[in-house]
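Analysis of the macromolecular model
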Amino acid sequence: MSLSRHTLRQLKFILPGGVVTYFLGTHVALWRLVRGQVAVDGWARIAALASLVSAIITVSLFIYILSVPLIQGRQPDYRHWRESGVLSSVIPTLTASIVFGWSLLSYTLGRWSGFGYLEGLIASSGLYALSFGLLGLVPAPRISRR
């Protein structure tokens, strides 16, 4: 079995992110906070839900950016995204949701999961690396430029 160069590049994110997420139990800790199974104040659940909503927005915007060629019927120029009507608003929103979600997840895990702030930072970074590595494997549709 031969892996493409792109797949190998994505493995640089998937493998370390997966190892950190698995060994720290980041997904379990986050899910316990979301479900309210941790004996802490109500802000923990709200913060965990907000970080989860931010992650859903991030994935949705990423999928939307990938589907722009299918929606518009032409391949956008991603290098000049600032001149694009659609991309010039979606990419800054995507960036903001990534930064907000990662920061909130780091704080939430550090404050309420028992990880502590440094381990919460490492745990959230591992989960984000895993997620972005997997998202990077989603193939972008190709439409010929006219």
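This text follows the structure it describes.
A brief report on the enclosed structure follows.

1. What to know about the overall build of the protein
- A tally of helices and strands in the protein yields 5 helices and 0 strands.
- Along the protein, from the amino end to the carboxyl end, the secondary structure elements read α-α-α-α-α.
- Its C-alpha atoms give the protein principal-axis dimensions of about 60 × 40 × 20 Å.
- Contacts spanning at least 24 positions in sequence make up 64% of the contacts within the protein whose residues lie at least 6 apart.
- Total accessible area on the protein stands at roughly 9200 Å², and carbon and sulfur atoms take up 66% of it.

2. Examining a nonpolar patch on the surface
- On the surface, Val 19, Tyr 22 and Phe 23 cluster together to form a nonpolar patch covering roughly 390 Å² of accessible area.
- Mapped onto the fold, Phe 23 is located in helix H1 (residues 5–24).
- The exposed category is assigned to Phe 23, whose relative accessible area is 66%.

3. Focus on the side chain of Ser 54
- Note on placement: Ser 54 falls in helix H3 (residues 42–72).
- Since its relative accessible area comes to 5%, Ser 54 is described here as buried.
- Here the side chain of Ser 54 touches Gly 101 through a polar contact of 3.3 Å, landing on its backbone nitrogen.

4. Side note on the nonpolar core
- Among the nonpolar cores identified, the biggest contains 15 residues, and Leu 30, Leu 33, Ala 48, Leu 105, Leu 109, Trp 112 and Phe 115 are the most heavily contacted of them.
- Secondary-structure elements contributing two or more residues to this core are helix H2 (26–34), H3, helix H4 (87–112) and helix H5 (117–135).
- When neighbours within four sequence positions are excluded, Leu 33 is seen to be in contact with Val 38, Ala 44, Arg 45, Ala 48, Thr 108, Leu 109, Trp 112 and Ser 113.
- Within the second largest apolar cluster, 6 residues are counted, among which are Leu 61, Val 90, Ile 91 and Leu 94.

Parameters and conventions
Residues numbered from 1 in each chain as written. Predicted model: local features only at pLDDT ≥ 70, side-chain atom pairs only at ≥ 80, totals over all residues. Heavy atoms only, no water. Helix = DSSP H or I, 4+ residues; strand = E, 2+ residues; numbered from the N terminus. Contact = heavy atoms within 4.5 Å. Areas by Shrake-Rupley, 256 points an atom, 1.4 Å probe, with all protein chains shown as cover. Patch = residues over 30% accessible without salt bridge, like charges linked within 9 Å, V, L, I, M, F, W, Y side chains within 5 Å. Salt bridge = Lys/Arg side-chain N within 4 Å of Asp/Glu carboxyl O. Buried < 20%, exposed > 50% of the residue type's maximum accessible area, 1.4 Å probe, protein only. Polar contact = N/O pair within 3.5 Å; in protein donor to acceptor, adjacent residues only side chain to side chain. Core = buried A, V, L, I, M, F, W, Y, C linked by side-chain atoms within 4.5 Å.

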